[in-house]
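# Structural description and commentary
In case you want the letters, here they are:
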Amino acid sequence: MKNHLVLIGFIVIFVPTVTFSQDSRFIFTDLTVMDKVTGLIWTKNANLPGKELSYKDTLDFIKKLNNQKFAVYGDWRLPDKEELKSLVDYAKGRGLLTNIHEMLNRMGFENMEGDPGYWTASYYTISVLNDGAWSIAMYNGYTSPLGKLGRLYVWPVREPIKQ
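The present account deals with the structure reproduced in this document. (Residues numbered from 1 in each chain as written. Predicted model: local features only at pLDDT ≥ 70, side-chain atom pairs only at ≥ 80, totals over all residues. Heavy atoms only, no water.)

## Some points on the environment of Ser 144
Within the secondary structure, Ser 144 is located in strand E9 (residues 143–147). Sequence separation between Ser 144 and Gly 117 is 27 residues, and the spatial gap between their C-alpha atoms is 9.2 Å. If we ignore the near neighbours within four places in the chain, the residues touching Ser 144 are Ala 133, Trp 134 and Ser 135. (Helix = DSSP H or I, 4+ residues; strand = E, 2+ residues; numbered from the N terminus. Contact = heavy atoms within 4.5 Å.)

## Description of the packing of aromatic side chains
Here the structure, examined in full by the defined rule, presents 13 aromatic pairs. With a centroid separation of 4.9 Å and an interplanar angle of 80°, the aromatic rings of Tyr 55 and Trp 119 are classed as edge-to-face. Taken together, the residues span a long stretch of sequence, with Tyr 55 in helix H1 (residues 55–67) and Trp 119 in strand E7 (residues 118–127) at a distance of 64 residues. A single burial state applies to Tyr 55 and to Trp 119, both of which are buried. Taken together, the aromatic side chains of Phe 26, Phe 28, Trp 42, Tyr 90, Phe 109, Tyr 118, Tyr 153 and Trp 155 make up a single cluster linked through ring pairs. One residue, Lys 81, lies across the ring of Trp 134, its end atom 4.0 Å from the ring centre. Above the ring of Tyr 73, the side-chain terminus of Arg 158 is found at 3.7 Å from the ring centroid. (Phe/Tyr/Trp six-rings, centres within 6.5 Å; stacked < 30°, edge-to-face > 60°. Buried < 20%, exposed > 50% of the residue type's maximum accessible area, 1.4 Å probe, protein only. Lys NZ or Arg CZ within 6 Å of the ring centre and 35° of its normal.)

## Observations regarding the pairing of E9
Summarising the sheet, strand E8 (residues 130–136) and E9 pair through five bridges and their orientation is antiparallel. Following the sheet pairing, Ile 136 is matched in E9 by Thr 143. A loop of six residues connects E8 with E9, the two strands running antiparallel in sequence, and Gly 141 in this loop sits at a positive phi of about 80°. (Pairing = 2+ DSSP bridges.)

## Focus on the environment of Met 103
Counting through the fold element by element, Met 103 comes out in helix H3 (residues 100–107). For Met 103, a relative accessible area of 11% gives the class buried. Measuring from C-alpha to C-alpha, the distance between Met 103 and Tyr 139 comes to 9.9 Å, with 36 residues separating the pair along the chain.

## Looking at the pattern of salt bridges
Overall, the coordinates contain eight salt bridges when judged by the stated rule. Between Lys 44 and Glu 110 there is a salt bridge whose closest N-O contact spans 3.8 Å. Here the residue Lys 44 occupies a position in the loop between strand E6 (41–43) and H1, and Glu 110 occupies one in the loop between H3 and E7, the gap between them amounting to 66 residues. For Glu 110, a relative accessible area of 35% corresponds to the partly exposed category. Ionic pairing is found between Lys 148 and Asp 131, a salt bridge with its closest N-O pair at 3.4 Å. Remark: Asp 131 occurs in strand E8 and Lys 148 occurs in the loop between E9 and strand E10 (157–158); sequence separation between them is 17 residues. Each of Arg 77, Glu 83 and Glu 159 takes part in a single network of salt bridges with overlapping partners. (Salt bridge = Lys/Arg side-chain N within 4 Å of Asp/Glu carboxyl O.)

## Details of unusual backbone geometry
Following Asp 115, the chain continues into Pro 116 via a peptide bond in cis, with omega recorded as 10°. With respect to the secondary-structure elements, Pro 116 resides in the loop between H3 and E7. Positive phi, normally seen in glycine, also occurs at Ala 71, with a value near 55°. Mapped onto the fold, Ala 71 is located in the loop between H1 and helix H2 (81–92). The class of Ala 71 is buried, set by a relative accessible area of 18%.

Here you go:
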């Protein structure tokens, strides 16, 4: 975590490092990234667990983040399909059809994985006995359903701060 020490009299204040991407759509801090177009706040690390998780384990992981107040927030959740797709659309708007994850990593996101993809909160009914959720591969932006016993990456998001 990068912090700058600022001395004001006898008070010590830690100020988080804030950087802007080249086109200023994103505001990067030590732990989060705010998308100024959608207003969403993403974790800077796009693979906080460090591995793929089942859907149930994904929900448990996000609950743990909220209980720990990750980056001082307790309202993390899975993005829906359209929210995650907005980042794919951003990359495709810059001419990328593949390696979307690499572009986002170069911009300042961390640990973005290309395949097999990321869970979304958007549900998909596979059969009467098996439901699933939509996933998005950040390698090429393909969207596909997956049963909840499958394993994918987790990238939490939250709503912007209400003022």
